[in-house]
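Examination of the molecular architecture
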Amino acid sequence: MREALLDNIVLLIAWSMLIGIGLSSLRAVTMGWQPFMWLHLFLVAGVWGLVFVRRFIAYRVRCLLLLGFIFSGGLAGYIGLGPAADAKVAFVFVTFIAALLLPLRWMLMIWGLQGICLILIGIAWVSGTLTFKLSFHDYAADPLVWATGVWTILVYSCVIAYVAFSTIDLLKRKTIQVEEQAEHTQTILDTLLDGIMTIDAAGIIQYSNPAAQRCFGYQPEELIGQNVSMLMPSPHSEADNSDLFNYQTTEVGPIIGREVEGLRSDGHLFPLELTVTEITHIGKLEYLCILRDISERKRIERMKNEFIATVSHELRTPMTAISGALGLISGGIFGILPDKAAEMINIANQNSKRLTYLINDLLDFEKMAAGQMQYQFEQQPLTPLLEQAIAAHSTYEKKQTIHLRLLSLNQPIEVNVDGQRLMQVLANLLSNAIKFSPPDGIVTLAAELTGQTVRVSVSDQGPGVSRAFQTRLFERFSQADGSNTRPKGGTGLGLAISRELILAMGGSIGYQDAPGQGACFWFELPIIIVPLSRS
């Protein structure tokens, strides 16, 4: 807006100066040529030069040049004709334009410069240092002088009127734009499926959209001005207010995706996903709450878990019997089978084992999800567990021509873990590494100290994991190749189960690309350093 105003003001003044040139010429004929009139001609040329080069000059430089031209013209009028000149209007106009187009610091500098010039002119005039060639009588009696003054005032008045009308028009357009934007924003808020509420630092509800009102079963007037705790049962109501308090005093950060229970107006409870972020409105601290009713999602999850649990339990007993029978037949308990029959029995036996593994994994995950997994934590040395894991996979090493290597710690350390569950994690990681290693590849099981934890890593020389898939590595049923024709088997549950087991033992698990080529899975556990005398 300011750049457009500046350009239009320059054009108005430049065009008005063309008429001013004619008036100045007549004044020169009737009053005699005055030296200050050279400055007027220079200023006319300068303003028109500014018109042509304005696109190539920075905005602030253009402002200063325009104000300099007007100020110099006014100064020339004061010096040449005295206080009776119309130059006072130019000084007032400079003040107006500076206040309109320049920042406060620059505006004050220009006003100060004006004041200093006027004081110096006044001192010079009173002391007699500055004299005027024209008398006030001659000046006032010349009608061209008054015509020039009227024209100058008219031009500046037109500029000021243009600025006023432009500002009013801009404000109208801005008001319409703000109203349209507010209406558009309100439409979005009204049609959102997620509930949105704003509450102040005391927990008082300031705003709620229709989705939030439907979620809790209240009308707008029943929510506004009430405490947010009315929407959550104990202990979540107290916890929610406590979270807001902690957010305000300790800046722990926003609450994102927390699952709590909501309380409807009819007293029924329902699962709710809550996100709270801090905002500032008119200088006051407020909290933006995004609410999502996850009743349907929880119902589907419950149905899925019940289905998986039912299927797993129902399949486990017959699969155990089938697998046992196939194992007996394959072992030759009923005599030697024909080659084709033995081959088919062996395939069936392997597939039954895979199904058994899948069922066991599903049951393990069901127990972990329900919090029913039993752990036998025990403080024990780490190195024997790693050696045991390598020994357990030695048959795979011979069968698939894979070389297993153990890089253990020189310092004896102990960890507080469930040995059987840790062996399950190591088995998952090692079997994956062996599965995806090329012939004669090396799978390395290593342990290293990292501060107060020990990092155990399993790295291979296989193809590694694509960047796109790395974010889903530890999700259930997640496989890089999910097709039915994938060359490598697996349930897609091993890494997900490993993650839950390591977290339960107070550790962390992750993935990184192995140096050079391959994949590297790692987990970290808190350590207990054993004194050398004891070891």
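Everything numeric here is computed off the predicted structure, so don't read it as measured data. (Residues numbered from 1 in each chain as written. Predicted model: local features only at pLDDT ≥ 70, side-chain atom pairs only at ≥ 80, totals over all residues. Heavy atoms only, no water.)

**Concerning unusual backbone geometry**
Quick reminder of the rule: Numbering of helices and strands runs from the N terminus; a helix is a DSSP stretch of H or I covering at least four residues, while a strand is a stretch of E covering at least two. Only protein chains enter the calculation, and the probe is 1.4 Å; a residue is then buried if its accessible area is under 20% of its type maximum, exposed if over 50%, and partly exposed in between.
Positive phi, normally seen in glycine, also occurs at Ile282, with a value near 55 degrees. Its place among the elements puts Ile282 in the loop between strand E4 (269–281) and strand E5 (284–293). With a phi angle near 65 degrees, Asp440 is a residue other than glycine that sits in the positive phi range. One can find Asp440 in the loop between helix H15 (419–435) and strand E9 (442–450). A relative accessible area of 54% places Asp440 in the exposed class.

**Things to note about the pattern of salt bridges**
To keep it simple, the criterion reads: Salt bridges are defined by distance alone: a side-chain nitrogen of Lys or Arg within 4 Å of a carboxyl oxygen of Asp or Glu.
Evaluation of the coordinates by the stated rule reveals 8 salt bridges. The closest approach of N and O atoms between Asp194 and Arg292, which form a salt bridge, is 2.7 Å. With Asp194 in the loop between helix H7 (143–191) and strand E1 (195–200) and Arg292 in strand E5, the pair connects residues that are 98 residues apart, well separated along the chain. In this structure Asp194 comes out as partly exposed when scored by relative accessible area, which is 21%. Here Glu500 ties to Arg499 by a salt bridge, and the two come within 3.1 Å at their closest N and O atoms. The exposure class assigned to Arg499 is partly exposed, which follows from its relative accessible area of 34%. What emerges from the salt-bridge pattern is a single network uniting Glu259, Glu273, Arg297 and Lys298.

**Here we look at a nonpolar patch on the surface**
Filter applied, for reference: By definition, no residue in a patch forms a salt bridge, and every one has over 30% relative accessible area; like charges are joined within 9 Å, nonpolar side chains (Val, Leu, Ile, Met, Phe, Trp, Tyr) within 5 Å. Computed with the Shrake-Rupley method and a 1.4 Å probe, the accessible areas treat only the protein chains shown as cover for residues.
There is a patch of nonpolar side chains on the surface, built from Ile116, Ile119, Leu120 and Ile123 and spanning about 410 Å² of accessible area. The exposure class of Leu120 is exposed, given its relative accessible area of 53%.

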